[in-house]
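Chain by chain, the residues:
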Amino acid sequence: MLSSLTLGLLLATACAATPGKFNLRPFKIDLSSEVARMKTLVNNTRLPSHDLYPEVGIANGIELGTLEELKNEWTTSFDWETQQAELNEFSHFTAEIEGLTVHFINQKSTDPDAIPLILVHGWPGSFQEFAPVIKPLTSLHSTDGKTVSYNVVVPSLPGFVFSSPSANASWTYKDTARVFNTLMTEVLGYETYTVHGTDWGAVVAYDLYANYNTTVRGGHFVFVPFVPLTPEQLAAENITLTPEEAIPESLYVMWSTTGDGYFHEQATRPKNLGFALYDSPVGQLSWIGSIWKNMSDPRAGTPPSLLSNTPILTSVSLYFLTSSFYSSIWIYEQNQNPLSTVYSKPPTDAPLFFSMFAYNQDYWPEEKVREVGNLISYEFHEFGGHFPAWDNPPALIEDIRAMGLFLRG
Ligand SMILES: *[C@@H]1O[C@H](CO)[C@@H](O)[C@H](O)[C@H]1NC(C)=O
Ligand SMILES: *[C@@H]1O[C@H](CO)[C@@H](O)[C@H](O)[C@H]1NC(C)=O
Ligand SMILES: *[C@@H]1O[C@H](CO)[C@@H](O)[C@H](O)[C@H]1NC(C)=O
Ligand SMILES: *[C@@H]1O[C@H](CO)[C@@H](O)[C@H](O)[C@H]1NC(C)=O
Ligand SMILES: *[C@@H]1O[C@H](CO)[C@@H](O)[C@H](O)[C@H]1NC(C)=O
């Protein structure tokens, strides 16, 4: 006769069979052996002794003083071991899916009713973009007699840090979405789950929201894959903006006229740039660091922002130490025109939640977000930018929890 104990053991054995299929393995970050070389390269890199035209400020790219400050911090106070140990406090795994090695954090709640949630990062980020929000989202939170918590999964996009590059140049975000759906349903065994995405991660997560309607039962976004409207287009649709809403719209105009050079280079000549910066940590710092500095809230580093120089250096170190800067930028070449100009509702009734952060470099008004999903809630935050998990973690956590509370009914 089977006791419940042996039944439990049999079930455990059956579950263990699934990891075999995907070669699921625990993973620890250990890049320590490469750090001394990186620091020597940084230290040996010369920068101009003075800027030619300092009066133009940030308008033509990262300011020399900003780059020097980051560079000096990298070889002096920045301690990779501390950062690596903090990132290793998360439960990391790798799995083999469709021939790719997919790295992911699988941070489970102690709550048996926790809702599965996948957080999908963008460029120039990595899984580390979500570090401040992962553990809070797993913890049990109560509001008005309802409770919510999440089992949080944070994969690395193909070609980013510990995930292997995509199979070929024809790979698109739709292939990544399919692989991540397999991760959630077959590798981790969730029948249904929720998604959150930012930047390229929002392109992937929205594809999951729109095209996997039986498994994806809720989506929270800070970015949607639809081309933002120009001021003229907004006016033509009779959408008027408050002074606060005019901030991200003006940043979008700035980005799309003078701020998207990196985008075009990565979308057209990833080899030139990728090889040029491949073994140059300061080169990557200038290119990537400029985006962290320019696309975040200008009050970066003051509460509630946690975006000091340290996470920026950790992020660039992750790219450099895993030699993945080159493979990361291919996502731009592989997905020409990733944002649709036609706003339309996908075939899903899953609730959609949207958070607009004022210093994001794109603006989507509530009226337009309503056109692309079953919009339940639209929040506007005056603090925060393109990296809300670092720029304004309390707001992002609260808004993602709102989705779970709604699903709890
Ligand atoms: C950087 O170079 C200076 C001067 O050459 C040297 O004193 C220092 O130890 C070096 N630091 C690192 C981290 O290599
Ligand atoms: C690229 O790889 C994908 C996934 O392995 C495959 O389905 C596709 O046929 C490949 N395309 C080319 C052009 O090789
Ligand atoms: C905008 O408002 C004008 C004046 O009220 C109206 O004629 C026009 O149809 C409106 N346009 C849209 C797209 O709603
Ligand atoms: C980003 O760069 C633009 C100029 O291209 C500048 O107007 C804006 O203030 C910058 N934002 C931050 C947060 O540095
Ligand atoms: C899910 O998508 C399928 C195929 O597009 C569609 O037929 C179906 O109605 C959708 N279900 C919901 C609940 O929207």
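Residues numbered from 1 in each chain as written. Chains lettered and ligands numbered in written order. Predicted model: local features only at pLDDT ≥ 70, side-chain atom pairs only at ≥ 80, totals over all residues. Heavy atoms only, no water.

Caption draft 1: Here's a closer look at a nonpolar patch on the surface. A cluster of nonpolar side chains, Leu52, Tyr53 and Val56, forms an exposed patch at the surface whose accessible area comes to about 320 Å². For Val56, the location among the structural elements is in the loop between α2 (32–44) and α3 (64–75). On the basis of relative accessible area, Val56 is assigned to the partly exposed category, the value being 37%. (Patch = residues over 30% accessible without salt bridge, like charges linked within 9 Å, V, L, I, M, F, W, Y side chains within 5 Å. Areas by Shrake-Rupley, 256 points an atom, 1.4 Å probe, with all protein chains shown as cover. Salt bridge = Lys/Arg side-chain N within 4 Å of Asp/Glu carboxyl O. Helix = DSSP H or I, 4+ residues; strand = E, 2+ residues; numbered from the N terminus. Buried < 20%, exposed > 50% of the residue type's maximum accessible area, 1.4 Å probe, protein only.)

Caption draft 2: Spatial organisation of the pattern of salt bridges. Considering all chains together, one arrives at 11 salt bridges under this definition. When the shortest N-O distance is used, the salt bridge between Lys21 and Glu186 registers 3.5 Å. Taken together, the residues span a long stretch of sequence, with Lys21 in helix α1 (residues 4–22) and Glu186 in helix α6 (residues 173–187) at a distance of 165 residues. Look at Lys21 and you get exposed, because its relative accessible area is 62%. Here Asp297 and Arg299 are joined by a salt bridge, their closest N and O atoms 2.9 Å apart. A residue is classified by how much of its surface remains accessible, and Asp297, at 1% relative accessible area, is buried. Connected through salt bridges with shared partners, the residues Glu98, Asp175 and Arg178 form a single ionic network.

Caption draft 3: A look at the packing of helix α4 (residues 80–87) against helix α13 (residues 309–321). In contact at an axis separation of 11 Å, α4 and α13 are set at 85° when each is read in the N-to-C sense. Relative to α13, α4 is oriented roughly perpendicular. Where α4 abuts α13, its residues Trp80, Gln83 and Leu87 lie against Thr310, Thr314, Ser317, Leu318 and Leu321. Class assignment of the residues belonging to the contact of α4 with α13 gives a composition of 4 nonpolar, 4 polar and no charged. (Axes fitted to C-alpha atoms, helices over the stretch in contact; angles between N-to-C directions. Parallel < 35°, antiparallel > 145°, perpendicular 65-115°, else oblique. Contact = heavy atoms within 4.5 Å. Nonpolar A, V, L, I, M, F, W, Y, C, P; charged D, E, K, R; others polar.)

Caption draft 4: Region of the structure containing the environment of Phe383. Following the sequence through the fold, Phe383 ends up in strand β11 (residues 374–385). Once the C-alpha coordinates of Phe383 and Ala300 are considered, the two residues, 83 residues apart in sequence, prove to be 9.6 Å apart. With residues up to four places along the chain from it excluded, the contact list for Phe383 reads Asp297, Arg299, Thr302, Pro303, Pro304, Ser305, Phe357, Asp391 and Asn392.

Caption draft 5: Main features of unusual backbone geometry. Cis geometry is adopted by the peptide bond preceding Pro124, which originates at Trp123 and carries an omega value of 10°. With omega at 5°, the peptide bond leading from Pro303 into Pro304 counts as cis. When you line up the elements, Pro304 lands in the loop between α12 (281–295) and α13. Within the chain, Ser323 stands out as a residue other than glycine whose phi angle is a positive 50°. Within the secondary structure, Ser323 is located in the loop between α13 and α14 (325–334). Of note in this structure, Asn337 is not a glycine but carries a positive phi near 50°. Locating Asn337 in the fold gives a position in the loop between α14 and β10 (351–359).

Caption draft 6: Up close: the sheet that holds β11. Strand order in the open sheet formed by 9 strands is β1-β2-β3-β7-β4-β8-β9-β10-β11, and the pairing between neighbours is mixed. Of all strands in the sheet, those bounded by a partner on one side alone are β1 (25–27) and β11. Going across the sheet, the axis of each strand differs from the next one's by a mean of 25°, ignoring polarity. Judged from the 4 bridges that link them, strand β4 (residues 115–120) and strand β8 (residues 193–197) form a sheet pairing that is parallel. Counted as the bridge partner of Leu119 is His196 from β8. (Pairing = 2+ DSSP bridges.)

Caption draft 7: Examining the UniProt feature "active site" (unreviewed entry) in the protein chain more closely. With numbering aligned to this structure, UniProt lists the feature "active site" (unreviewed entry) at Asp199, Tyr332 and His386. Within the annotated group just given, the residues that line the largest pocket are Asp199, Tyr332 and His386. Examined against the element boundaries, Asp199 turns out to sit in the loop between β8 and α7 (200–211). Judged by its relative accessible area of 9%, Asp199 is buried. (UniProt positions renumbered as here; feature names shortened; annotations may be inferred. 1 Å grid on protein atoms, 1.4 Å probe; cavity = no way out; pocket = protein on both sides within 12 Å on 5 of 7 lines; lining within 4 Å.)

Caption draft 8: Region of the structure containing the pairing of β4. Of all 6 residues making up β4, 6 are buried, and the element is well covered by its neighbours. Going residue by residue along β4, you find Ile115, Leu117 and Leu119 tucked away on one face and Pro116, Ile118 and Val120 tucked away on the opposite face as well. Where β4 meets strand β7 (residues 150–155), 4 bridges bridge the pair, whose relative direction is parallel. Opposite Ile118, over in β7, you have Val153 as the bridge partner.

Caption draft 9: Region of the structure containing the environment of Val35. Here Val35 shows up in helix α2. With 44 residues separating them along the chain, Val35 and Asp79 place their C-alpha atoms 9.8 Å apart. With sequence-adjacent residues up to four places away left out, Val35 is seen in contact with Trp80 and Leu321.

Caption draft 10: Expanded view of the nonpolar core. Membership of the largest hydrophobic core comes to 116 residues, with the highest contact counts inside it found for Leu119, Trp123 and Phe221. When residues of this core are assigned to their parent elements, the largest contribution, 9 residues, is made by α7. (Core = buried A, V, L, I, M, F, W, Y, C linked by side-chain atoms within 4.5 Å.)

Caption draft 11: The arrangement of the confidence of the model for the protein chain in detail. The predicted model of the protein chain averages 95 in pLDDT, with 95% of residues at 70 or higher. When the criterion is pLDDT under 50, residues 1–17 qualifies, and its contacts beyond four places in sequence or with other chains add up to 2 contacts. (pLDDT = per-residue confidence, 0-100.)

Caption draft 12: Looking closely at the side chain of Asp399. Along the chain, Asp399 falls in helix α17 (residues 393–407). Of the side chains with opposite charge, Arg401 comes closest to the buried, unpaired Asp399, at an N-O distance of 10 Å. Among the polar contacts made by the side chain of Asp399, one reaches the side chain of Ser355 at a distance of 2.6 Å. If sequence neighbours within four positions are ignored, Asp399 has contacts with His220, Ser355, Glu379 and His381. (Lys, Arg positive; Asp, Glu negative; His and termini not counted. Polar contact = N/O pair within 3.5 Å; in protein donor to acceptor, adjacent residues only side chain to side chain.)

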